[in-house]
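# Examination of the molecular architecture
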Amino acid sequence: MPEKLEGDQLEFSNLLAEYKRRLWADLRDEVFAQTGEDLATQYDIPQDPGEKSMLDVLSDAGLAVADIRRQQLTALEEAQRRVELGTYGTCEGCGQPIGLPRLKLMPFTPYCVECQKEQEIPTKPPGNKI
């Protein structure tokens, strides 16, 4: 049975915040490498309202890397919300605890390994006999 997270909530909250900070730094570096360094200093410390706007603009511009980062940042924000609600570490698929090794590897995952596998199974359209 996976370990309980009760004593580790602060550790995971800090881990999520650090992961989010690194993603923002990576995104900023990638974007400003393409758009110019003179704008980079304006976004050294992203603010919540601007974070979403900036990512939306980048996503609309078709930057695949920005879209991947946006998805990861959204997942991190959801994980931080689960920490605050006390549901972090509980699988959203089956309701069972997610193992600590998995959470340390992917701190923003909402699913245990088995439920994640189910999420990734492609569905076939009805009537398609291939």
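- Per an unreviewed UniProt entry, the protein chain carries the name Molecular chaperone DnaK and comes from Geomonas paludis.

## Let's talk about the packing of aromatic side chains
- As enumerated under the stated definition, the model contains two aromatic pairs in all.
- Pairing F12 with Y88 gives two aromatic rings, centres 5.4 Å apart and planes at 45°, and the pair type is tilted. Of this pair, F12 sits in helix α1 (residues 9–35) while Y88 is found in the loop between α3 (64–85) and α4 (100–105), placing the two residues 76 residues apart along the sequence. Both residues of the pair, F12 and Y88, belong to the buried class.

## Digging into the UniProt feature "zinc finger region: dksA C4-type" (unreviewed entry) in the protein chain
- According to UniProt, the feature "zinc finger region: dksA C4-type" (unreviewed entry) maps to residues 91–115 in the numbering used here.
- From the first C-alpha to the last, residues 91–115 spans 8 Å; its make-up is 36% helix and 0% strand.

## Observations regarding the confidence of the model for the protein chain
- For the protein chain, per-residue confidence averages 75 on the pLDDT scale, and 61% of positions sit at 70 or higher.
- The secondary-structure element of the protein chain with the lowest mean pLDDT is helix α2 (residues 48–60), recorded at 62, while helix α5 (residues 113–120) shows the highest, at 91.
- With pLDDT under 50 throughout, residues 37–41 is counted as low confidence; its partners more than four residues away or in other chains account for four contacts.

## Concerning the nonpolar core
- Counting 18 residues, the largest nonpolar core has L16, L76, Y88 and C91 as its most contacted members.
- At the level of elements, α1, α3 and α4 are the ones that each hand at least two residues to this core.
- No other element matches α1, which puts five residues into this core.

## Let's talk about the UniProt feature "domain: Zinc finger DksA/TraR C4-type" (unreviewed entry) in the protein chain
- If you check UniProt for "domain: Zinc finger DksA/TraR C4-type" (unreviewed entry), the listed places come out as residues 86–120 in our numbering.
- Between the C-alpha atoms that bound residues 86–120 there is a distance of 26 Å. The span itself is 40% helix and 0% strand.

## A word on the environment of V113
- Assignment of secondary structure puts V113 in helix α5.
- Taking relative accessible area as the criterion, V113 reaches 42% and is therefore assigned partly exposed.
- Note: C-alpha distance between V113 and G99 (14 residues apart in sequence) is 8.8 Å.

## Looking at the side chain of R82
- Within the element layout of this structure, R82 appears in helix α3.
- The class for R82 is buried, based on a relative accessible area of 5%.
- A polar atom in the side chain of R82 sits 3.4 Å from the backbone oxygen of T109.
- Residues contacting R82, with those up to four places away along its chain left out, are T87, Y88, E92, F108, T109 and P110.

Scoring rules and cut-offs
- Residues numbered from 1 in each chain as written.
- Predicted model: local features only at pLDDT ≥ 70, side-chain atom pairs only at ≥ 80, totals over all residues.
- Heavy atoms only, no water.
- Phe/Tyr/Trp six-rings, centres within 6.5 Å; stacked < 30°, edge-to-face > 60°.
- Helix = DSSP H or I, 4+ residues; strand = E, 2+ residues; numbered from the N terminus.
- Buried < 20%, exposed > 50% of the residue type's maximum accessible area, 1.4 Å probe, protein only.
- UniProt positions renumbered as here; feature names shortened; annotations may be inferred.
- pLDDT = per-residue confidence, 0-100.
- Contact = heavy atoms within 4.5 Å.
- Core = buried A, V, L, I, M, F, W, Y, C linked by side-chain atoms within 4.5 Å.
- Polar contact = N/O pair within 3.5 Å; in protein donor to acceptor, adjacent residues only side chain to side chain.

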